[in-house]
Structure formats: structure tokens, C-alpha cells
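Chain by chain, the residues run as shown.
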Amino acid sequence: PRPVEELTIWDDAKAMLRKARAEGIQTVHDRLDRQTPHCKFCELGTTCRNCTMGPCRVSEKNPLGVCGADADVIVARNFGRFVTGGAAGHSDHGRDLIEVLEAIVEGETKDYRITDENKLRAIAAEIGIETDGRPVMDVARDVMECFFADFGSRRKEVSFLARVPQVRKDKWAGLKMTPRGVDREIAEMMHRTHMGCDNDAPNTLIHAARTALADGWGGSMIGTELSDVIFGVPTPKMSTANLGVIKADKVNLLVHGHNPVVSEMILAAAREPELLARARELGATGINVAGLCCTGNELLMRQGIPMAGNHLMTELAIITGAVEAIVVDYQCIMPSLVQISGCYHTKFIDTANKARFTGAIHFDFQPRTAMKQAREIVSIAVEAFARRDPGRVDIPGEPVEIMTGFSNEAVTAALGGSLDPLVQAIASGDIRGAVGIVGCNNPKIKQDSMNVKLAEELIKKDILVLVTGCVTTAAGKAGLLVPDAIEKAGPGLKKVCGALGIPPVLHYGSCVDNARILQLCAALANALNVDISDLPVGASSPEWYSEKAAAIGLYAVASGIYTHLGHPPNILGSETVTNLAVSGLEDLVGATFFIEGDMVKAADMFDERIKTKRKALGLGE
Ligand code: SF4
Ligand code: WCC
Ligand code: FE2
């Protein structure tokens, strides 16, 4: 096996990887080694399994599949379906929030409620729903109907396109890229990629972009906005991160997955006096809820709940031996967690019928029974405390401080009620531009090495960084999410962030919350009366692995945002598709992807891009 020093930059991870090896527990890294080298055809994207005349693999020697499809068609179809998988994940998450809103409106649940009526009314007004003098539940019902309709086939465009600058919408309309309905675009991609349908690679990619836009401006945005309505708009607060947030003297319950619908309820149940009393009876000093991945981000942003770790920390968290239960909803939950839980006293509990794990304790979590079910789940965790083996507990290190909670509403409030001061800071060059660094870990990359390095390089250049998803924990552990981190920033960024008392790297939420970054870009473009592609901004996913990250990257590019990936998707087997992604899209949507594995070079690329955009806006470098 590879030395642990090569696998991660973090001491807490190294300690747990050593413990895993000592205890004979397999991790994601061991399994990657056993899967390497990977199939070359699959890496290039030149395999097709879309019918039983195949499967086919095409190459120079053998350039056509049985049906006659060439590498361009096969790569485009595969990439189209890949992106669609991601768009479906985010959007189905968004739909779950609409269903909770429905349960509230229909009076079927008291466990969830409308926490932020102002936000509900603000969204309603934006999407053209009358709010004046109307009772909140009437407005909520119309918002619910409108969002359900955004998933269907009857719309010319999804509602939140109301936020998009008109020039950008015109561009999309001209390209047949306007997202009409979330489920419609997803279904149409599955149709197009059936044998004998869309056999023109650029045309398939245009629809992939449309499907991704239906995610970013549709499913994800609905997910974010309704989560704010139901659980509250995030505001700045302090918290902590790394495996040190797991406490030896407490019942530790980790929430993992994406949807706050489950994790918020678990958190509420963990504060119930009877459950706390039972925990004390069993010798614990309390119940500690901590987060993993994006549902962790959701609780961190709104409730300041500590973050135990990102994607590649999820197995390692259990290996501390101090986790009583890991409660999951969906997405990015490695099935190996069930096996690793089985090596300890840890209870693995799944909560969604669409994401069941063989060997898990299953709850069919529903809005009308949420609190009752959450109490049962927390009770299982509490009882497991009695079975913990103190001899196997090893919690590495002390937690680091982080600042979180930067919603657009919070940023606007911190700026005194409008985005004007931010526009001024960009115009003056104190903040030269902004880049969102988002996405995952990937065991092929030394964990968080790129996520952290890119953020550090960018802030040195007076480029504000926004982080979401698993990059949050990376930036946090590196000490970049505290106000003191301005010492690592360039002079302009240091001045602006110092005056506001905020870090130069802002935690903007979970992966669906990339919709917040889209919204911010649209608002800035509207304020300057330009297109999003004219802004000195960029996006990056250095260590991405998932279909969802590909969807995010594509909706960023299609929205006009220059986007970096640390390694390419499986498209290199087609020159047409690759060229379109890294250059041809510039003419169509005003932005492209760029692939770069060296973060110093990637930061320089962003720097050049930002210079060009600033000059075009008449702002100097
Ligand atoms: Fe082969 Fe064409 Fe069938 Fe794909 S759709 S498996 S390329 S015959
Ligand atoms: Ni979003 Fe990537 Fe984390 Fe999963 S939770 S691992 S897609 S960044
Ligand atoms: Fe996520």
C-alpha cells in the first residue's frame, strides 16, 4: 500500500489511516489501488453500453460501434448521461423540499414550519406571485405549485430564470439551451442518448448544458431557497472542524448526506431532555451531533454545528471508534461505511427509500412523522454508547475554528443593505475578482492538497474565494475560514475583509448552495448592466469525483463562468467534445472549462482571465 503521507495532507486523516491499517480495516484508498489501472476505454469515454447490439469499444483501429456510432457520438452521449445523473441528484433533493413545504401547507406536519416568512415572500415576488396582504400559507401554496410546475413540461422556462440577465437568457434562447422543466430536460437526455436519436455530438452537449442549467437555476436553487424558508437563512457564526469535533465523553451522532430535512430533525431530537437524561444515565456527558459532507454544511451554515469532515473523512470518522451512529440520507455515502460501522459498535441508519444500504437500520423518514422518527434514531445512538469499547477509541487532534453562514442575504446585510460596496471594491481593484472553489475529494488526488493550494494562491492575488461542499472542510482545516486568514491575502482583499471582520475565503454552503453563487453573479451582472460572462469571476472543482460536480461545472460554464477542473471528465476519446469543452464553448456561451493539475498554474490562469475581464469593463487590472 501507498504510504499514508501520500494520501492526504491532514494529520487527523493520517492518524486514522494508520489505525485502519493496524486494525485490518480496508479504506477507499486500498480499494482504489486494487482497481488500478482502470479500463483505458472507459477513461477516454469510448465505451458504449446503451444497447445489446453492443457493448462496444471504439478506437482508431475499430472506430465505429455496431450501430455505426463513432467516438464523438459515444463520448457525448456518455458525458450527457453523466451530467444528467448529477442534475437528477440535486434536483430530486430540491423536490424533497417542495414536498416538505406541501406537508406544511396541507397541515400534515407540525415538525416543520415556515421559519423565514420574509424570504418566502421575497422569493414569491421574484417569481411573479402576488404577496401583498395575503396570508403566508396562501403565498406558500402558490410558491409550492409554481416550483412543482418547474419540474414539468408546461413551462417555457424555469421560474428562477427571472434572476438571469436578459442578455444571457437571449443567448440561451438562441442556442436552444433555455431550461424549460427540470424533469423534462433529464428525461429528454435519456431519450436523446437512446440508440438512434441524437447522433450529433455538439447538439448532445448543448442539451447537456440545458439539463445542467435546469439543475443550477431550477432544482438546486429551489433546494437552497426552500431550505432557507423552512430552516432559516444562514447568518455568520463561528464553529469548528476536523475529527477533533468528535468527543470521547459524549454520545457522537454523525449526520451524512445532503438534505437538511433529516439532519435538522435529528439535531432537534438530540436536544430533547429525556434523551439527554438517558445519555447521562449511560455515563455520557451529552449528545454531540456533528456533520459530514453536505448535510454537515447545511447544519453548519444555519445552526453552527461542527463539521467532522469531508468526503474522504467519512470512513475515517468511524475509525475513531467513538461514533455511536451515522445517520444518512442520500448522495456521496460510500457503501463501505456499512462494513466499517460493522467493525465497531457504530449503528448505520439510512432514512430514504431511494437510498437504502444493505445491512443498515432503515427508517422511511416522512414529514408527518419526522420528529417521532428522529427521537427513535437518536435513542438508538444513545443506547449504542453502552457498547462502545474505550480501548479502541482514538480521536486525533484538536478542532480548528471556522467562520460560516455566508448567505447572500447575510453578505448584503454585512455590506449595509446592498451589494454596492462589493461592486465598489471590485471597481477599485481592492477585490480584483472572485472564484468559487467547490466539490469533492477524490482518492486519486492527495486529499485536499489542491483544494487548499488553489484557495491560498487566489487570495494572495486579491481574488475573493467562496467555498461550498467538501472544499469547505479543506479550507477550514487549513485556517482559511477565520478573519485572521486575511494575513494570507493580498493587500486589497486584506483591507476589505479586515474592515468587515470576515475571512478572505467565505463559506457559502453545501453543493446545492452553489445556486447562491449563481444568484450572486447574476445580481452583480444586473448591477453593472452586463452579462455574467463579463464579470471577473471563475469557478473551480480541483478534486471533483461526482456526476453532480460535473453538472455544477457545466451549469457554471453555460452561465458564463470560466471553470477549472483539476482533472478531465472521461471525454478525451473525442477531439470534438474535448475541443468544445475547453475552447469552442467560449464562442457559444462566453466561457469554457480549463483542465489543470498544477494549482499555481491554475491560479495564474484565473489571474489572466480576471485581468482580461477587468480591462474590458474599464477597471484596470
Ligand atoms: Fe454499440 Fe451503438 Fe449499441 Fe452503443 S448504441 S452499444 S455503440 S451498437
Ligand atoms: Ni458535494 Fe462532492 Fe462532497 Fe459529494 S458532498 S463529495 S458531491 S463536494
Ligand atoms: Fe454535496
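The model shown is predicted, which means the values in this text are computed figures rather than measured ones.

## Details of the layout of surface pockets
The space that makes up the largest pocket amounts to roughly 1,200 Å³. Taken together, 33 residues form the lining of the largest pocket, with Cys42, Phe82, Lys444, Tyr545 and Asn570 sitting closest to its centre. Secondary-structure elements contributing two or more residues to the lining of the largest pocket are helix 2 (28-35), helix 3 (40-44) and helix 4 (71-105). No other element matches helix 4, which puts five residues into the lining of the largest pocket. Split into classes, the residues belonging to the lining of the largest pocket amount to 15 nonpolar, eleven polar and seven charged. There is about 420 Å³ of room inside the second largest pocket. Of the residues that constitute the lining of the second largest pocket, the class distribution is nine nonpolar, four polar and eight charged.

## Looking at unusual backbone geometry
The amide bond that connects Thr36 to the next residue, Pro37, takes the cis arrangement and shows omega of 0°. For Pro37, the position within the fold is in the loop between helix 2 and helix 3. With an omega dihedral of 5°, the bond running from Gly54 to Pro55 counts as a cis peptide bond. With phi around 70°, Asp448 is a residue other than glycine that occupies positive phi space. By the secondary structure assignment, Asp448 is in the loop between strand 11 (433-437) and helix 18 (449-460). Judged by its relative accessible area of 0%, Asp448 is buried.

## Observations concerning the site of ligand 1
Neighbouring residues of ligand 1: Cys48, Asn50, Cys51, Met53, Gly54, Cys56, Gly65, Val66, Cys67, Ile74, Arg77 and Met195. Residue classes in the shell around ligand 1 are distributed as eight nonpolar, three polar and one charged.

## Considering the coordination of the iron ion (ligand 3)
Taken together, His258 (NE2), Cys294 (SG) and Cys511 (SG) make up the protein donors of the iron ion (ligand 3), found 2.1 to 2.5 Å from the metal. In this structure, the iron ion (ligand 3) is coordinated by four donor atoms arranged in irregular fashion, with angles at the metal of 83 to 160°.

## A short note on the sheet that holds strand 13 (residues 505-509)
With parallel pairing, six strands are arranged side by side in an open sheet as 13-12-11-14-15-16. Only two strands of the sheet have a single neighbouring strand rather than two, namely strand 13 and strand 16 (593-595). The sheet shows a mean angle of 25° between the axes of neighbouring strands, direction not considered. Bridging between strand 12 (residues 463-468) and strand 13 involves four bridges; their strand directions are parallel. Its bridge partner being in strand 13, Leu466 is matched across the sheet by Leu506. In this fold helix 21 (residues 514-528) packs onto strand 11, strand 12, strand 13 and strand 14 (537-541), with an angle of close to 145° to the strand it touches most, strand 12.

## What to know about the packing of aromatic side chains
Under the counting rule described, the total for this entry stands at eight aromatic pairs. Geometrically, the ring pair formed by Phe82 and Trp544 is edge-to-face, given 6.2 Å between the ring centres and 75° between the ring planes. With Phe82 in helix 4 and Trp544 in the loop between strand 14 and helix 22 (547-558), this pair connects stretches of sequence that are 462 residues apart. Trp544 gets classed as buried once you look at its relative accessible area, which sits at 4%. Within the aromatic cluster, the residues linked to one another by ring pairs are Tyr562, Phe594 and Phe606.

## A short note on the confidence of the model for the protein chain
Within the protein chain, residue pLDDT values average 98, and 100% of them lie at 70 or more. Confidence metrics for the complex model read pTM 0.98 and ipTM 0.95.

## Considering the pattern of salt bridges
Any two side chains of opposite charge can pair, so long as their charged atoms come close to each other. Throughout the structure, instances matching the rule amount to 50 salt bridges. One salt bridge in this structure joins Asp12 and Lys477, with 3.1 Å as the shortest N-O distance. On the criterion of sequence distance, the pair formed by Asp12 in helix 1 (residues 11-22) and Lys477 in helix 19 (residues 471-477) is long-range, its members being 465 residues apart. Asp12 gets classed as buried once you look at its relative accessible area, which sits at 7%. When the shortest N-O distance is used, the salt bridge between Asp142 and Arg134 registers 2.9 Å. Taking relative accessible area as the criterion, Asp142 reaches 28% and is therefore assigned partly exposed. Through salt bridges that share partners, Lys119, Glu126, Arg163, Glu225, Asp228, Glu298, Arg302, Glu409, Asp513 and Arg516 make up one connected network.

## Let's talk about the nonpolar core
One finds Tyr112 and Trp217 to be the most contacted residues of the largest nonpolar core, which totals 205 residues. Per element, the largest residue contribution to this core is 15 residues, and it comes from helix 9 (residues 201-231). Those residues within four positions of Tyr112 in sequence are excluded, and the remaining contacts are Val100, Ile104, Ile230, Phe231, Val261, Met265, Phe365, Pro367 and Ala370. Of all hydrophobic cores here, the second largest spans six residues; its members include Val58, Ala69, Ala71 and Val73.

## Some details on the packing of helix 9 against helix 23 (residues 575-589)
Look at helix 9 against helix 23: their axes get within 11 Å of each other, and the N-to-C directions meet at 65°. Between helix 9 and helix 23 the crossing geometry is right-handed. For the pair helix 9 and helix 23, the contacting residues are Ala201, Pro202, Leu205 and Ile206 in the first and Thr576, Val577, Leu580 and Leu588 in the second.

## Describing the coordination of the nickel atom of ligand 2
Note on metal sites: the ideal angle is 109.5 degrees for four tetrahedral donors, and 90 or 180 degrees for six octahedral donors. Only one protein atom coordinates the nickel atom of ligand 2: Cys511 (SG), located 2.1 Å from the metal. One can describe the site at the nickel atom of ligand 2 as tetrahedral: its four donor atoms subtend angles covering 94 to 133° at the metal. Here the nickel atom of ligand 2 and the iron ion (ligand 3) are spaced 2.3 Å apart, linked through Cys511, which binds each one. Position of Cys511 relative to the elements: it lies in the loop between strand 13 and helix 21.

## Regarding the packing of helix 5 (residues 117-126) against helix 6 (residues 136-150)
Close contact between helix 5 and helix 6 brings their axes to 10 Å; oriented N to C, the two are set at 50°. As far as their axial angle goes, helix 6 and helix 5 are oblique. The two elements helix 5 and helix 6 meet at a crossing, and its hand is left-handed. Taking contact as the criterion, the partners of Glu117, Leu120, Arg121, Ile123 and Ala124 in helix 5 are, on helix 6, Val136, Val139, Ala140, Val143 and Phe147. Looking at side-chain class alone, the contact of helix 5 with helix 6 contains eight nonpolar, no polar and two charged residues.

## What to know about helix 10 (residues 260-270)
With respect to burial, helix 10 is a largely interior element, ten of its eleven residues being buried. Every buried residue of helix 10 is listed here: Pro260, Val261, Val262, Ser263, Glu264, Met265, Ile266, Leu267, Ala269 and Ala270. Near the N-terminus of helix 10, the side chain that reaches the backbone nitrogen of Val261, with its oxygen 3.0 Å away, is that of Asn259.

What counts and how
Residues numbered from 1 in each chain as written. Chains lettered and ligands numbered in written order. Predicted model: local features only at pLDDT ≥ 70, side-chain atom pairs only at ≥ 80, totals over all residues. Heavy atoms only, no water. 1 Å grid on protein atoms, 1.4 Å probe; cavity = no way out; pocket = protein on both sides within 12 Å on 5 of 7 lines; lining within 4 Å. Points joined across faces, edges and corners; volume = space filled by probe spheres on them. Helix = DSSP H or I, 4+ residues; strand = E, 2+ residues; numbered from the N terminus. Nonpolar A, V, L, I, M, F, W, Y, C, P; charged D, E, K, R; others polar. Buried < 20%, exposed > 50% of the residue type's maximum accessible area, 1.4 Å probe, protein only. Near = heavy atom within 4 Å. Donors = N, O, S within 2.8 Å, 3.2 Å for Na, K, Ca; no water. Tetrahedral: all angles 85-135°; square planar, octahedral: opposite > 155°, others 65-115°. Pairing = 2+ DSSP bridges. Axes fitted to C-alpha atoms, helices over the stretch in contact; angles between N-to-C directions. Contact = heavy atoms within 4.5 Å. Phe/Tyr/Trp six-rings, centres within 6.5 Å; stacked < 30°, edge-to-face > 60°. pLDDT = per-residue confidence, 0-100. Salt bridge = Lys/Arg side-chain N within 4 Å of Asp/Glu carboxyl O. Core = buried A, V, L, I, M, F, W, Y, C linked by side-chain atoms within 4.5 Å. Left-handed = near helix turned anticlockwise from the far one by under 90°. Parallel < 35°, antiparallel > 145°, perpendicular 65-115°, else oblique. Polar contact = N/O pair within 3.5 Å; in protein donor to acceptor, adjacent residues only side chain to side chain.

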